[in-house]
Amino acid sequence: MTRSRLTAAAAVAVAAATAVVLVPVHAEAAAGSVHLAKIYYNSPGADRRSNASLNAEYVQIANSTSKGVSLRGWTLTDASSHRYTFGAYTLGAHKTVTVRTGKGTDTAANRYQGKSWYIWNNDKDTATLKKASGAKVDVCSYNNARVAFKTC
């Protein structure tokens, strides 16, 4: 066999081996999950606790599965144990819900904690999402006062 054919054969073998290794990762990603997507922890402007400012502080939870998921009883907490508990709510397939700190009327896209104080620290904090059973679903931490949000 010539050197170029040996090189081509080796390249094909490496490509085939790589494809085999990637298949399980792709299959897992295709299944999707419910997970923390983003924390906007430093609302714009001065922290004067206006409802608009409180609602500019939020956490986004995404459902990347192909089915709606009931979040009834699921909790979202910070490192200081501030807790938001979902009531009757289903997060649709491939949808995102925003959990805002302040007051408002709950919709499919926005849920409100009804707080009159800030939950997410401007410098560092940890968001934890748990099922109603208490099983941990996802955790997202940040440690940066120079940025206003964290993509999880």
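Scoring rules and cut-offs
Residues numbered from 1 in each chain as written. Predicted model: local features only at pLDDT ≥ 70, side-chain atom pairs only at ≥ 80, totals over all residues. Heavy atoms only, no water. Helix = DSSP H or I, 4+ residues; strand = E, 2+ residues; numbered from the N terminus. Contact = heavy atoms within 4.5 Å. Phe/Tyr/Trp six-rings, centres within 6.5 Å; stacked < 30°, edge-to-face > 60°. Buried < 20%, exposed > 50% of the residue type's maximum accessible area, 1.4 Å probe, protein only.

With respect to the secondary-structure elements, Ser116 resides in the loop between β8 (110–112) and β9 (124–130). With 13 residues separating them along the chain, Ser116 and Lys103 place their C-alpha atoms 7.9 Å apart. Setting aside anything within four residues of it in sequence, one finds Ser116 in contact with Arg49 and Leu54.

As a further point, take the packing of aromatic side chains. This model, assessed by the stated rule, comprises 5 aromatic pairs. Residues Tyr41 and Tyr142 carry aromatic rings whose centres are separated by 3.7 Å and whose planes lie at 5 degrees to one another, so their mutual orientation is stacked. With a gap of 101 residues between them, Tyr41 in the loop between β1 (34–40) and α2 (51–55) and Tyr142 in strand β10 (residues 136–143) connect regions that are remote in the sequence. The exposure class of Tyr41 is buried, given its relative accessible area of 1%. Accessibility expressed as a relative area gives 6% for Tyr142, which makes it buried. Aromatic ring contacts, followed pair by pair, group Tyr40, Tyr58 and Phe149 into a single cluster.

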